[in-house]
Amino acid sequence: MRTLNLRKSSNHHSLTTAETAFLKSIHQLFDNRCTIGIDMNRKFLVAAMVLLVLLGSTPITQGNSNGIHNRSTGCSCHSPSGTTAATVSLTGHPAQYTAGSTYTLSISVSNGVSGNGGGFNLEVDKGTLSAGIGFAVNVNPAQDSATHSITGSSQRSWSVDWIAPSSGSGVTALTVAGMTTDSSGNNNGDRWDTLSFQIPEAGAAPNSPPSVSNLMLGPTGATTTDTLVLTYSYSDPENDPESGTVIQWFKDGVEQTSLSGLTVSSSETAKGQDWSASVLPSDGSDAGEPVVSNVLTIANSAPTTTAPTLSPTQPTEDDSLSFTSTASDADADLVNYDARWFLDGVLIPELNDAETLPAYATRDGDSWVVEIRANDSEDVSQWVSSQSVTIGSGQVNTPPAANTVLLSSGPIFTTDDFAVTYAYSDADGDAETNVEIQWFLNNVAYAFAENSLIIPSTFTEKGQLWFAKVRVNDGTDWSSWTSSNQLMVQNTLPVTESVTLSLSEAYTTDEISVQFTMSDIDGDTESNSEITWWRDGIMKSSLTGLTTLPPSSTLKREVWTVHVKAGDGSGLSTTALTANVTVLNSAPSVSVAVSENITSQDTLNLVITTEDADEDEVQTNIQWYRNGFLDGTLVNATSVPATYLGPGQTWSVQVTPTDEDQLSGATAMSSTTVLNTDPTSEITVKTDPIWLGERVDLSASLSTDIDGQIVTALWSWTDTNSMTGTASGTEISIYPTANVVVTLVVVDDMGGEDTSNVQLLVVQGPTVSEFTSNSNGRNVNLQWAWDGPDANFSILRNGISIGVTDELSFTDQPLFAGVTTYSVQPLIGEETLIAGASAPQTVLVETSAQAAPGPSSTSGLISGMMLLLFGLGIGFFTFMRRD
């Protein structure tokens, strides 16, 4: 019995042909393709579950597309040779390794079969392996074996990192097997090859090559039925294991490049060929001297023959005796027979090599035996003897007959036994002594039921065609075979065992799937089942045959019923099973979107989209939140005025839909953040014109911010002489000495910035020129020229202003004699020019009359200075007290 569930396969069914083929395909080493075509309800999850069930039932094999470990010497499930043989290569390994160093090994496989499929297994006995970057290689937990992954099974080259072992580890063995696959789903077309290497540690003693002795090709006297076997003894001075030994085979002196290994199949040899082999021993590091085997000539294979059969088996004196036999020769030589006839156990030489014993040479009571042997002109087989036959008394027997051979009347099903009947008759009146019955299934002899009158139901399956042949024996002769009528085993209808729906209560948005199980005594799989859908008791013919009820067909408050009659491809179950589902009201849904990238000057708008699977009218409840706090003045508003908005605020909205049955759907939410508007930077140049070296006043006061305030003004400038400077504040002053570019960056209270630039073109300003000074007694006369607008002039004595004049001359009478420094600084309005001032000049002031001996002029200067300092001190003290 087989139970089928459209949603999930039963654990108790036998594998179909397709399933068996699938399981076979995933057993193939390095085969990277498998196809599973089971998707009974079009659900990916179900397909994945079926795949896992099939994979879980798969036995472990020697290789697969996920790779295999511990097979670097090859495997027994794939062929290493054939047309064309595969070739594996390994590069990147050092002649001598340095302890702890990392080497990238490259494995590739070529030749073999065409295509891109391939795989490998690399093993090391020392050090560790690493897969490196990528997904094409897997390394086992012990890190001593690497193989291809399922990703890497569709390529023929790979790379693996080998970390050399620690110092003192000695010689390391690397072995690799590589395969080319044809992705055919079986092992027959795949080809593999192996390599091995012995890698010594750097600094170790030099390696000595190995040698071969006792080389022998056998077996002695081999024929075309024998497998050629090469044996030898391998030895190495350092006891290094054999690795990379090359064996070459020669037929009639010509190398057979497609052959390798220690054996040659008998299918490769033919009589008269001369075979030899050479062995080039290797320990993986060095190769020894080649050694050539003995030459083995393929000898002739003696023919063989089956024991002869004499006929007729019950001869009379009127019958000649002849024999039949089957001879064979492995070399396909022409075979003849040598024959010897024995009468009552005595050889009759005159009849040697006679294929027929004539009737005139026999008489009643003679017992004859023939011995034969096969002869191919070079060798003969052993003598084989026939059964003896005895010449009869001369009475000729009439064979009996089997009449009216009939099988049981139909129809017959797989649960029924059936039998054969016949009628015996004999013209001589002889009694029936034996009967033979041959059964035929689909016109092929069925040996399991030979000589049975009854075929039990356990032997039969639906669709089989049976008939029988009968012959009878009267103790002397057999009747001819008589055939019965033909009988076909009929189909047994399946039984629907269960029906379920994916949902007992559903919404108009749900798909409703039916699953059912069936049993079939014939083991048939489900096919052409009858599935009908009924809405409120009325069948919807447009949905017949569907395993899924689409949402578009349902409305709320409907009751749907599914009727299922399981089918096996030939018929339907007699009884339908049903299952029901009630369609409920579907909740409405809503999606919302609010304006993006808005500022405090924009209106925040809300877009609402509602849906209801039942086509009900949908009402919505709208709530607005500013920075997480509900704003009760905006309930059910679809927009927020700009007057509510401020930069940096986060506004969110929650909308809940409700249908005509007051069923609420899921609340939809959306949010946005009010963007800050950057300030506007503006530079005001308050000084005009701009004179070289004179003060220039700059202002940021006209900069603006429409949604906040400016909190920082940052200035920077660079002139054409690469002189730079920085300052901060709303108002600054600079003294340009060349053309200069000034940059202003203003920052608002939300961190927004704006930058503006202005270029200041400097011109030469007015200057004091032709400045002269001379002393006349205690008077000092100053004169100068001026090329600018109306101005006042500040007179500086020793850097201190001593007066202001609007004339171009000035007379000073210093208090003290000695060296005094004078300069003139222009004043235009409230602006004091710096670059336009005169250069300082020094004047020596002399005393007006000769004085009595007393303090020198130097002493007078010192006294004056002391008095000046004293006065400044008194002024400072007075100032401090005032504060």
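This one's a predicted model, so the numbers in the text were calculated from it and none came from an experiment. (Residues numbered from 1 in each chain as written. Predicted model: local features only at pLDDT ≥ 70, side-chain atom pairs only at ≥ 80, totals over all residues. Heavy atoms only, no water.)

Draft legend 1. Just the overall build of the protein, in detail. Along the protein, the regular secondary structure elements total three helices and 67 strands. When burial is assessed residue by residue, the protein has 38% of its 883 residues classed as buried. (Helix = DSSP H or I, 4+ residues; strand = E, 2+ residues; numbered from the N terminus. Buried < 20%, exposed > 50% of the residue type's maximum accessible area, 1.4 Å probe, protein only.)

Draft legend 2. Just the pattern of salt bridges, in detail. The final tally for this structure, using the stated rule, is 17 salt bridges. Between Asp338 and Arg373 there is a salt bridge whose closest N-O contact spans 3.0 Å. Separated by 35 residues along the polypeptide, Asp338 in strand β23 (residues 336–343) and Arg373 in strand β26 (residues 367–375) bring together distant segments of the chain. On the accessibility criterion, Asp338 (15% relative accessible area) is buried. Glu371 is the salt-bridge partner of Arg340, the closest N and O atoms lying 2.6 Å from each other. Residue Arg340 is found in strand β23, and its partner Glu371 is found in strand β26; the two are separated by 31 residues along the sequence. Here the salt bridges do not stand alone but share partners, grouping Lys556, Arg557, Asp616 and Asp661 into one network. (Salt bridge = Lys/Arg side-chain N within 4 Å of Asp/Glu carboxyl O.)

Draft legend 3. Seen up close, the confidence of the model for the protein. Per-residue confidence for the protein averages 85 on the pLDDT scale, and 86% of its residues sit at or above 70. Per-residue pLDDT stays below 50 along residues 1–63; that stretch engages in 115 contacts with residues further than four places along the chain or on separate chains. Scored below 50 in pLDDT, residues 878–883 shows zero contacts in the model against residues more than four places distant or in partner chains. (pLDDT = per-residue confidence, 0-100. Contact = heavy atoms within 4.5 Å.)

Draft legend 4. Structural view of the sheet that holds strand β29 (residues 401–407). Read across the open sheet, the three strands follow the order β29-β31-β34; overall the sheet is antiparallel. On the outer flanks of this sheet lie β29 and β34 (454–455), each paired with one strand and no other. (Pairing = 2+ DSSP bridges.)

Draft legend 5. Expanded view of the environment of Ala270. Relative to the helices and strands, Ala270 resides in the loop between β15 (263–264) and β16 (274–280). Classification of Ala270 as partly exposed rests on a relative accessible area of 30%. With 28 residues separating them along the chain, Ala270 and Ile298 place their C-alpha atoms 6.6 Å apart. Ignoring sequence-local partners within four residues, the contact set of Ala270 consists of Thr224 and Ile298.

Draft legend 6. Structural context of the sheet that holds strand β60 (residues 768–776). If you walk across this open sheet you meet the three strands as β60-β61-β64, and the pairing is antiparallel. Of all strands in the sheet, those with a lone pairing partner are β60 and β64 (809–812), marking the two edges. Going from strand to strand, the sheet's axes swing by 15° on average, the running direction of each strand aside. Note that β60 and strand β61 (residues 779–786) share seven bridges and pair antiparallel. Following the sheet pairing, Asn776 is matched in β61 by Asn779. (Axes fitted to C-alpha atoms, helices over the stretch in contact; angles between N-to-C directions.)

Draft legend 7. Summary view of the pairing of β61. Taking the residues that link successive antiparallel strands as the turn, the β60-β61 hairpin has two residues, and the phi of Gly777 there is positive, at about 65°. By the bridge criterion, four bridges tie β61 to β64 in an arrangement that is antiparallel. Bridge pairing links Asn781 to Thr811 in β64.

Draft legend 8. Focus on the nonpolar core. Counting 23 residues, the largest nonpolar core has Leu90, Ile107, Phe120, Leu122, Val160, Trp162 and Leu174 as the members making the most contacts within it. Elements with a minimum of two residues in this core: β2 (86–91), β3 (102–111), β4 (117–124), β8 (157–163), β9 (172–181) and β10 (191–199). The greatest single-element share of this core, amounting to four residues, is contributed by β3. In this structure Leu122 touches Leu90, Leu105, Ile107, Leu129, Asp144, Ser145, Ala146, Val160, Thr175 and Val176, once residues within four positions along its chain are discounted. (Core = buried A, V, L, I, M, F, W, Y, C linked by side-chain atoms within 4.5 Å.)

Draft legend 9. Expanded view of the environment of Leu321. Here Leu321 shows up in strand β21 (residues 321–324). Separated by 36 residues in the primary sequence, Leu321 and Leu357 have C-alpha atoms spaced 4.9 Å apart. Apart from residues lying up to four places away in sequence, Leu321 is in contact with Ser311, Pro312, Pro315, Trp341, Glu355, Thr356, Leu357, Trp368, Val389 and Ile391.

Draft legend 10. Structural context of the packing of aromatic side chains. Inspection of the entire model under this criterion finds 14 aromatic pairs. With a centroid separation of 5.8 Å and 75° between ring planes, the pair formed by Tyr97 and Trp162 is classed as edge-to-face. Separated by 65 residues along the polypeptide, Tyr97 in the loop between β2 and β3 and Trp162 in strand β8 bring together distant segments of the chain. For Trp162, a relative accessible area of 0% translates into the label buried. With a centroid separation of 6.1 Å and 90° between ring planes, the pair formed by Phe323 and Tyr337 is classed as edge-to-face. Here the residue Phe323 occupies a position in strand β21, and Tyr337 occupies one in strand β23, the gap between them amounting to 14 residues. Assessed through its relative accessible area of 13%, Phe323 is described here as buried. Look at Tyr337 and you get partly exposed, because its relative accessible area is 25%. The structure contains a cluster of three or more aromatic residues connected by ring pairs, namely Phe418, Trp439, Tyr446, Phe448, Phe459 and Trp466. (Phe/Tyr/Trp six-rings, centres within 6.5 Å; stacked < 30°, edge-to-face > 60°.)

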